[in-house]
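Structural description and commentary
Read off the chains here:
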Amino acid sequence: MSTENLPQSPDQPQRKPRVAVVFGGRSSEHGISMVTAGAVLRAIDRTKYDVLPIGITQSGRWVLTADEPERMAITERRTPNVEQLAESSEGGVVLPVDPANREVVYTEPGSVPKALGEIDVVFPVLHGPYGEDGTLQGLLELSGVPYVGSGVLASAVGQDKEYMKRVFTSFGLKVGPYVVIRPREWEHDESAARKKIIDLAGDHGWPLFVKPARAGSSIGITKVEDLSGLDDAIAEAQRHDPKILVEAALRGREIECGVLEFEDGPRASVPAEIPPPDAHAYYDFEAKYIDSTPGIVPAPLTPEETADVQRLAVDAYEAASCEGLVRADFFLTEDGEFVINEINTMPGFTPISMYPQMWQASGIGYADLVDRLIEAALRRSTGLR
């Protein structure tokens, strides 16, 4: 694909809405974002929408990329990279910052800037910080461009597991025992910070899960069986986020439920169960994306349990003021109680990911799901709502 073949701001009557699919990004989930983008690009109805793929490199440069979703797949256990698909090693894409102008411009050193036409909606398939966390959503709000998914506040709450739990607790949703270690705590008194974690183990037992507070895709998480593994687990989590979260293990079944925005409000999918992976200590990154540990859809729950988790998933969606889509993750404890673990405002979205699988089992196929999300974004305005 060359830039000469891209739409050059044609002022055509009744043109198709143009969807900018934005992917990659600066977080450690860059590669998974690309895998998701490949699936979305394959699924978008090209008879209904024009599509403009825009990648964000790991250094933060916005680039035009080839519209070649087959190159956005995991190969030989390695995830792809935006740089591999970039049209130029120096060119960049500039989004408008004037709400009265939605025209995207392509610039390259030594060349005249080239208008690529207006965009009507952005489908941001970014995971993690600098994309899923409200930062990109804030940029799009300033630009006045509608986008798929939750707004600034809900995206930020959905990314920061500490404040997510605080919001859920304030709305009466039950969360498991945890402690948070902020970077200033660790720098000021490392021994006191470590004691908070040891006290959590003393109250609730081992193992503990040490994780970055603002990351996803199970990246940077360590299951710690005893005190000997704690320091390495903390260091691993801090590689991804200076603020870490430590959770007590909950004994029970892992249950997930999808929420999707319809014209009359959010509805929940049939739930799924994540069985313990045979080759992994828990449902970690490799179990999810490399070895593709299958979930059970629908989850083998009683009708009452299914209704309960669907209600709680919608409650979590509403508590965080979410829009578009959410995957809500729960533990069904041994005493029959659902405890919410987290929500994902832009969950894994490949056809084998749990969110699309749950909606497939609920009667909405992958391409239809993508279309519904774009239509929901086009219905919404930007700004306060």
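Refer to the structure printed above.
So, here is what we can say about the structure in this document. What you are looking at is a predicted structure, and each value in this text was computed from that prediction instead of being measured.

What counts and how
- Residues numbered from 1 in each chain as written.
- Predicted model: local features only at pLDDT ≥ 70, side-chain atom pairs only at ≥ 80, totals over all residues.
- Heavy atoms only, no water.
- Axes fitted to C-alpha atoms, helices over the stretch in contact; angles between N-to-C directions.
- Helix = DSSP H or I, 4+ residues; strand = E, 2+ residues; numbered from the N terminus.
- Parallel < 35°, antiparallel > 145°, perpendicular 65-115°, else oblique.
- Left-handed = near helix turned anticlockwise from the far one by under 90°.
- Contact = heavy atoms within 4.5 Å.
- Nonpolar A, V, L, I, M, F, W, Y, C, P; charged D, E, K, R; others polar.
- Core = buried A, V, L, I, M, F, W, Y, C linked by side-chain atoms within 4.5 Å.
- Buried < 20%, exposed > 50% of the residue type's maximum accessible area, 1.4 Å probe, protein only.
- Phe/Tyr/Trp six-rings, centres within 6.5 Å; stacked < 30°, edge-to-face > 60°.
- Lys NZ or Arg CZ within 6 Å of the ring centre and 35° of its normal.
- Pairing = 2+ DSSP bridges.

What about the packing of helix H6 (residues 190-204) against helix H7 (residues 230-240)?
One way to put it is that H6 packs onto H7 with a least axis distance of 12 Å and a crossing angle of 115°. In terms of orientation, H6 and H7 fall into the roughly perpendicular class. For the crossing formed where H6 meets H7, the hand is right-handed. On H7, the residues touching Arg-194, Ile-197 and Ile-198 of H6 are Leu-230, Asp-231 and Ile-234. Across the contact of H6 with H7, the residue classes tally to four nonpolar, no polar and two charged.

What to know about the nonpolar core
Ranked by internal contacts, the top residues of the largest apolar core, which has 34 residues, are Val-21, Val-40, Ile-44, Phe-123, Phe-349, Val-370 and Ile-374. Put simply, the parts of the chain that give this core at least two residues each are strand S1 (18-24), helix H1 (30-43), strand S7 (121-124), strand S12 (252-262), helix H10 (354-361) and helix H11 (366-379). Excluding its chain neighbours within four sequence positions, the residues that come into contact with Val-40 are Val-21, Phe-123, Val-125, Phe-349, Tyr-366 and Val-370. Membership of the second largest hydrophobic core comes to 27 residues, among which are Leu-301, Ala-313, Val-314 and Leu-332.

With respect to the packing of aromatic side chains
The final tally for this structure, using the stated rule, is five aromatic pairs. Judged by centre distance (5.4 Å) and plane angle (55°), the rings of Phe-349 and Tyr-366 are tilted. Separated by 17 residues along the polypeptide, Phe-349 in the loop between strand S16 (338-344) and H10 and Tyr-366 in helix H11 bring together distant segments of the chain. The pair Phe-349 / Tyr-366 is uniform in exposure class, with both members buried. Feature note: the residues Phe-123, Phe-349, Tyr-355 and Tyr-366 constitute an aromatic cluster, connected by ring pairs. Stacked on the ring of Phe-262, the Lys or Arg Arg-267 has its end atom at 4.0 Å from the ring centre.

Observations concerning the sheet that holds strand S2 (residues 50-56)
Taken in spatial order, the four strands make up an open sheet running S3-S2-S1-S7, and their pairing is mixed. If you trace the sheet from one side to the other, it starts and ends with strand S3 (62-64) and S7, each paired once. Between one strand and the next, the sheet's axes are offset by a mean angle of 30°, whatever the strand orientation. Along the sheet, H1 contacts S1, S2 and S7; its crossing angle with S1, the most-contacted strand, is approximately 155°.

Considerations on the sheet that holds strand S4 (residues 92-94)
What the three strands build is an open sheet, ordered S4-S5-S6; its pairing is antiparallel. Looking along the sheet, the strands with just one partner apiece sit at the ends: S4 and strand S6 (114-118). Here the strands of the sheet are splayed against their neighbours by 25° on average, with no regard to which way each runs. The sheet contact formed by S4 and strand S5 (residues 103-107) spans three bridges and is antiparallel. Bridged to Val-94 within S5 is Val-105.

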